[in-house]
Amino acid sequence: MERVLVTGGAGFIGANFCRFLIDHTDASLTVLDKMTYAAAPEALAPLPAGRISVVVGDIADPDLVGRLVGDHDTVVNFAAESHNDTALSDAGSFVATNLVGTYVLVEAATRAGCRLHHVSTDEVYGDLALDEQQRFTESSPYRPSSPYAATKAGADHLVRAWVRSRGLRATISHCSNNLGPWQHVEKFLPRQITNLLDGRRPRLYGDGRHVRDWIHVEDHSSAVWTILDRGRIGETYVIGADGEHSNRDLVGVLLAAFDRPPDDVDFVADRPGHDLRYALDATKLRTELGWIPQRTDLARELSALIDWYRDHESWWRPAKAATEAAYAARGQ
Ligand code: NAD
Ligand code: TDX
């Protein structure tokens, strides 16, 4: 049975990935998570105790990471500070976790001869014009435009350098925007859905024309598992499900689901440096590894997501007021 260490495994995507591994493999899992404000340990509670254990700790702690990595065959690194808006005013924790933490992981995995999969993001490639034909691929140049993306880009460079010069057995993936359960209310879809549940208006940055390429978190999980199972060491894989939509269009779908008019929205202060558009071409993952996303009916998934947040108010409610207060302080 494979032993997999999932760093950041109590976060939105990490916790969904743990559930996916429990459901689709016989791996035994250890989660290493610092349990920051973004963690959702509740998401792990229903998973069978015999298959998963949780260690609370920091990926930037070399002693702890060295011990844990040595006991596992594979490490999947989801641990990160992940919110762009926070990094604009306070990037220290992003450098500490995304850069220094990744350094600690690559060192430990190299010494232990452990396989590493590093979860990067599409944002390292910067942004695209709205009318640009070309989408991001594995060979797109790095052009991070935000402090968050810069730390993610730096982490990728560490992984690739350790692969080439230190013999690390690693793969990297760049995924687009995820939707699904257990995402913190600071992020776009949970924020708008919980605003609507509270009878408030959705909040669009700038003119709302910015485009993101949406993928269900379960499809992200199956893609990472496919890369672990069949990916080639040293390779990079873009993960995307052809789900481009403007923020304004998505808010329109949510408003319709709440029987509210399409213009029932507040346009608020834009994010400084706001990337205009992300769009990913996952041809390599589809053709070389045979990955096929399943949950691509966005209208159906948004409807299910609204139901999920309606049913899990006791989980998100404690974070809602403080999150909105922080947004209000920024005029958002
Ligand atoms: P998240 O913020 O929901 O979860 C991150 C998790 O990492 C949290 O549980 C947190 O407690 C943990 N963590 C933070 N610092 C840590 C540290 N120093 N040591 C150990 N654990 C720590 O983020 P997410 O949305 O689940 O993103 C997971 C990964 O996927 C990140 O690397 C992110 O860059 C990447 N990604 C996210 C998206 C998206 O749409 N959310 C898209 C592409 C890539
Ligand atoms: O209230 C809002 N109104 C709004 O218009 C919020 C919170 C966001 N937005 C916009 C900004 C973006 O164009 O919605 C879009 C999505 O915003 P976020 O949820 O903050 O995501 P994004 O900045 O695109 O980054 C996400 O995808 C890539 C994740 O948070 C990153 O961790 C991942 O790397």
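Chains are numbered independently. Their residues run from 1 in the order of the written sequence. Note on labels: chains are lettered from A, ligands numbered from 1, in written order. The predicted nature of this model means local features are confined to residues of pLDDT at least 70 and side-chain atom pairs, given and counted, to a pLDDT of 80 or more, with totals for whole chains, interfaces and linings taken over all residues. Computation of side-chain values: all heavy atoms of the structure, hydrogens and water removed.

A. Focus on the overall build of the chain. A tally of helices and strands in the chain yields eleven helices and twelve strands. Partly exposed describes any residue whose relative accessible area lies between the buried limit of under 20% and the exposed limit of over 50%, with all areas from a 1.4 Å probe on protein chains only and scaled to the type maximum. Across the 332 residues of the chain, 56% fall into the buried class. The contact rule is simple, with two residues in contact once any of their heavy atoms fall within 4.5 Å. Sequence separation of 24 or more characterises 81% of the internal contacts of the chain that already satisfy a separation of 6 or more. Carbon and sulfur atoms provide 50% of the accessible area of the chain, an area that totals close to 13500 Å². Each charge class in the chain can be summarised by its mean position, and for the 35 positive and 46 negative side chains these summaries are 2 Å apart. Helix numbers and strand numbers start at the N terminus; a helix is a DSSP run of H or I with at least 4 residues, a strand a run of E with at least 2. Computed with the Shrake-Rupley method and a 1.4 Å probe, the accessible areas treat only the protein chains shown as cover for residues. Under the counting rule used here, the positive set is Lys and Arg, the negative set is Asp and Glu, and His together with the chain ends is not counted. Charge positions come from single atoms, namely NZ of Lys, CZ of Arg, CG of Asp or CD of Glu.

B. Structural view of the pattern of salt bridges. By salt bridge we mean one thing: a side-chain nitrogen of Lys or Arg within 4 Å of a carboxyl oxygen of Asp or Glu. Within the structure shown, the criterion is met by 28 salt bridges. One salt bridge connects D85 with R271, and the closest N-O pair in it is separated by 2.7 Å. A residue pair is termed long-range when its members are at least 10 positions apart, and D85 in helix α3 (residues 84-89) and R271 in the loop between β12 (266-268) and α9 (283-289) qualify at 186 residues. Taken as a pair, D85 and R271 share a single burial class, namely buried. Between E324 and R191 there is a salt bridge, with its nearest N and O atoms 2.9 Å apart. Here E324 is found in helix α11 (residues 313-329), whereas its partner R191 is found in helix α6 (residues 188-197), with 133 residues between them in sequence. The exposure class assigned to E324 is buried, which follows from its relative accessible area of 8%. When salt bridges with common partners are traced through the structure, they connect R201, R203, R260, D264 and D266 into a single cluster.

C. Local environment of the environment of F267. Relative to the assigned elements, F267 resides in strand β12. Counting along the chain gives 79 residues from F267 to F188, while the straight-line C-alpha distance between them is 14 Å. Among residues more than four places away in sequence, those in contact with F267 are L204, G206, D207, G208 and R248.

D. Representation of the packing of helix α8 (residues 247-257) against helix α10 (residues 298-311) in the model. Where α8 contacts α10, the axes come no closer than 11 Å and their chain directions differ by 55°. Of the possible angle classes, the one that applies to α8 and α10 is oblique. Judged by the sense of rotation from one axis to the other, the crossing of α8 with α10 is right-handed. Residues L250, V253, L254 and A257 of α8 form the contact with α10, whose own contacting residues are L298, L302 and I306. Gly is put with the polar residues, along with every residue not named as nonpolar or charged; the nonpolar set is Ala, Val, Leu, Ile, Met, Phe, Trp, Tyr, Cys and Pro, and the charged set is Asp, Glu, Lys and Arg. Taken together, the residues of the contact of α8 with α10 sort by class into seven nonpolar, no polar and no charged. All axes are obtained by fitting lines to C-alpha atoms, using only the stretch in contact for helices, and the reported angles, taken between N-to-C directions, cover 0 to 180 degrees. For this classification, under 35 degrees means roughly parallel, over 145 means roughly antiparallel, 65 to 115 means roughly perpendicular, and everything else is oblique. Helix crossings get a hand from a simple test, with the near helix turned counterclockwise from the far one by less than a right angle marking a left-handed crossing and a clockwise turn marking a right-handed one.

E. View of the state of the cysteines. In this description, the term disulfide denotes a pair of cysteine sulfurs within 2.5 Å. Counted by the stated rule, this structure contains zero disulfides. Sulfur of C175: no disulfide; nearest cysteine sulfur belongs to C18 and is 16 Å away.

F. Inspection of unusual backbone geometry at higher detail. Even without glycine at this site, D242 takes up a positive phi of about 55°. Position of D242 relative to the elements: it lies in the loop between β10 (236-239) and β11 (244-246). The residue D259 is not glycine, and still its phi comes out positive at about 55°.

G. Inspection of a nonpolar patch on the surface at higher detail. Patch membership requires over 30% relative accessible area and the absence of a salt bridge. Like charges are linked within 9 Å, and nonpolar side chains (Val, Leu, Ile, Met, Phe, Trp, Tyr) within 5 Å. Taken together, the side chains of V95, V100 and Y103 make up a nonpolar region of the molecular surface, amounting to roughly 230 Å² of accessible area. You can see V100 is positioned in helix α4 (residues 92-112).

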